[in-house]
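# An overview of the molecular structure
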Amino acid sequence: MRCPHCSNPVPVQHAFCERCGFSADALGAYLGHDWVHLERLTDVTHCLRLEEKRHLEVSLDDFERQFPQAFIAFYFGALPNTLNPLELGMWLLNHGAFASHQITKRNEFGAVCVIDPVTGTQGVALGYGLEALVRISDLETILTKMVPSLRNSQWGSACQQLISELSTTLRRCGKPTKRQVEAPAPSPQGGNATDYGFSLLRAGHRAVERLLKRRKEP
Ligand SMILES: [Zn+2]
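Presented here is a report on the structure given in the accompanying data block.

Rules of the game
Residues numbered from 1 in each chain as written. Predicted model: local features only at pLDDT ≥ 70, side-chain atom pairs only at ≥ 80, totals over all residues. Heavy atoms only, no water. Pairing = 2+ DSSP bridges. Helix = DSSP H or I, 4+ residues; strand = E, 2+ residues; numbered from the N terminus. Axes fitted to C-alpha atoms, helices over the stretch in contact; angles between N-to-C directions. Donors = N, O, S within 2.8 Å, 3.2 Å for Na, K, Ca; no water. Tetrahedral: all angles 85-135°; square planar, octahedral: opposite > 155°, others 65-115°. Salt bridge = Lys/Arg side-chain N within 4 Å of Asp/Glu carboxyl O. Buried < 20%, exposed > 50% of the residue type's maximum accessible area, 1.4 Å probe, protein only. 1 Å grid on protein atoms, 1.4 Å probe; cavity = no way out; pocket = protein on both sides within 12 Å on 5 of 7 lines; lining within 4 Å. Points joined across faces, edges and corners; volume = space filled by probe spheres on them. Nonpolar A, V, L, I, M, F, W, Y, C, P; charged D, E, K, R; others polar. Parallel < 35°, antiparallel > 145°, perpendicular 65-115°, else oblique. Contact = heavy atoms within 4.5 Å. Right-handed = clockwise from strand over helix to strand, strands pointing away.

In this section: the sheet that holds strand E6 (residues 121-126). If you trace the four strands from one edge of the open sheet to the other, you get E2-E3-E5-E6, paired in mixed fashion. Two strands lie at the open edges of the sheet, namely strand E2 (41-43) and E6, each paired on one side alone. Strand-to-strand, the axes of this sheet are offset by a mean angle of 10°, without reference to chain direction. Inspection of the sheet shows strand E5 (residues 110-116) paired to E6 by six bridges, in the antiparallel sense.

Given below as structure tokens:
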């Protein structure tokens, strides 16, 4: 992983960054160690319009349909000058219970975008699983593409850009998997159209069936 404070590469097994001394524990000292519940869109600074939120929810659903293991969350808020967006994003990945559709999704396949609209800073923290797939240079390119929208206070567009660009990046490294389908075939010893998944047009057929059956009976 990269140190969220100084971007120095830090081996996963190391507890702190050797260059700046940053550690996840130090972050917990002023954000706490409790788990917090978070929606996929948290807008403390009220940057997003209702319509933008609705569009983003649809785009986030689409993203999760394409990449069922992964999710993206956005946090808009003013941060103290002792905390940068990437640090908060990392803390959220370690302490956030995100309200994605599948509650079982693990944060290691999460991407948390933290935007501070007051200072004009932003960062995207990736869980370990996504970090192994998305190169730092790709993430930096995505963030650079978001900057013009963020500078023009087009918060919704910036979020849409992240969703779309991250989808493109993941599609490049994803492997399509073949779905195994198991279903019993209808019995070869007769049956009716409903065994094949069809619904009958007229309910009256049952009366005819009963009549035919009665005729066959001795
Ligand atoms: Zn560091």
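Once you've had a look at it, read on.
Here we take up the coordination of the zinc ion. Each donor-metal-donor angle would ideally measure 109.5 degrees in four-coordinate tetrahedral geometry, or 90 or 180 degrees in six-coordinate octahedral geometry. The protein atoms donating to the zinc ion are Cys 3 (SG), Cys 6 (SG), Cys 17 (SG) and Cys 20 (SG), with metal-donor distances spanning 2.2 to 2.3 Å. For the zinc ion, the four donor atoms in the first shell make angles of 103 to 116° at the metal, so the coordination geometry reads as tetrahedral. One chain supplies every donor to the zinc ion, and in sequence these donors are spaced C-x2-C-x10-C-x2-C. You can see Cys 3 sitting in the segment before helix H1 (24-31) and its partner Cys 20 sitting in the segment before H1, a full 17 residues away along the chain.

The next thing to look at is the pattern of salt bridges. Taken as a whole, this structure holds eight salt bridges when the rule is applied. Here Arg 40 and Glu 64 are joined by a salt bridge, their closest N and O atoms 2.8 Å apart. Here Glu 64 lies in helix H2 (residues 50-66) and Arg 40 lies in the loop between strand E1 (36-38) and E2, a separation of 24 residues in the sequence. Take Arg 40: its relative accessible area is 3%, and that puts it in the buried class. A salt bridge links Asp 138 to Arg 135, with the nearest nitrogen and oxygen atoms 3.2 Å apart. Looking at Asp 138, the relative accessible area reads 14%, which means it is buried. Look at the salt bridges and you will find they share partners, linking Arg 40, Glu 57, Asp 61 and Glu 64 into a network.

On to the layout of surface pockets, then. A volume near 560 Å³ is recorded for the largest pocket. When residues of the lining of the largest pocket are traced back to their parent elements, those giving at least two are helix H3 (85-95), E6, helix H4 (128-131) and helix H5 (136-151). The residue makeup of the lining of the largest pocket, split by class, is 16 nonpolar, eight polar and five charged.

Take the packing of H1 against H3 next. Close contact between H1 and H3 brings their axes to 11 Å; oriented N to C, the two are set at 90°. If you check the angle between H1 and H3, you find them roughly perpendicular. Of the residues in H3, those touching H1 at Ala 24, Leu 27, Gly 28 and Leu 31 are Glu 87, Leu 88, Met 90 and Trp 91. Grouping the amino acids of the contact of H1 with H3 by side-chain chemistry returns six nonpolar, one polar and one charged.

Our focus in this paragraph is the pairing of strand E3 (residues 71-76). Of all six residues making up E3, six are buried, and the element is well covered by its neighbours. Residue alternation in E3 divides its side chains into two sets, Phe 71, Ala 73 and Tyr 75 and Ile 72, Phe 74 and Phe 76, and both sets are buried. Here E2 pairs with E3 via three bridges, running parallel. Bridge pairing in E3 links Leu 41 to Phe 74. Considered for its hand, the β-α-β crossover made up of E2, H2 and E3 is left-handed. Note that E3 and E5 share six bridges and pair parallel. By the bridge assignment for E5, Phe 76 is matched with Ile 115.

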